[in-house]
Amino acid sequence: MTYRAGRLLPQHVRTVTFGTRRWRGLDPEQVYAFLDQVADELEHLTRDLATATTEGERIRVALRRWGSGHTDCRRTRAARNRWWPR
């Protein structure tokens, strides 16, 4: 099997090669079919992670912007509400 150590990417899974054994071993077609499934899933997860990272950054920026626009707001002690106790 030839694979460079490091971050595993879908293209690494798709291009990995295995040595063949003539008398015993795994069916190469099954191995490569499984590797294709693994690569597809890895690609899907990589896209999901990129989307989540982008969305998280967008939310952080919006929260910072909102917070900087409300620096003059101070927490005041509200009068006790007998209907909705805190």
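Residues numbered from 1 in each chain as written. Predicted model: local features only at pLDDT ≥ 70, side-chain atom pairs only at ≥ 80, totals over all residues. Heavy atoms only, no water.

Moving on: the overall build of the protein chain. Scanning the protein chain for helices and strands turns up 2 helices and 0 strands. Residues classed as buried in the protein chain amount to 6% of the 86 residues present. For the protein chain, the share of sequence-separated contacts (at least 6 apart) that also reach a separation of at least 24 residues comes to 37%. Counting only carbon and sulfur atoms, one obtains 56% of the accessible surface of the protein chain, whose full area is about 8,700 Å². (Helix = DSSP H or I, 4+ residues; strand = E, 2+ residues; numbered from the N terminus. Buried < 20%, exposed > 50% of the residue type's maximum accessible area, 1.4 Å probe, protein only. Contact = heavy atoms within 4.5 Å. Areas by Shrake-Rupley, 256 points an atom, 1.4 Å probe, with all protein chains shown as cover.)

It is worth spelling out the pattern of salt bridges at this point. Inspection of every chain in the model, using the stated rule, returns 5 salt bridges. Here Arg14 makes a salt bridge to Glu43, at a shortest N to O gap of 3.0 Å. Here Arg14, found in helix 1 (residues 10-15), pairs with Glu43, found in helix 2 (residues 28-69); they are 29 residues apart in sequence, far enough to count as distant. Overall, Arg14 belongs to the partly exposed group, its relative accessible area being 35%. By relative accessible area, Glu43 is classed as partly exposed at 34%. (Salt bridge = Lys/Arg side-chain N within 4 Å of Asp/Glu carboxyl O.)

Here His44 shows up in helix 2. Between the C-alpha atom of His44 and that of Pro10, which follows or precedes it by 34 residues, the distance is 9.4 Å.

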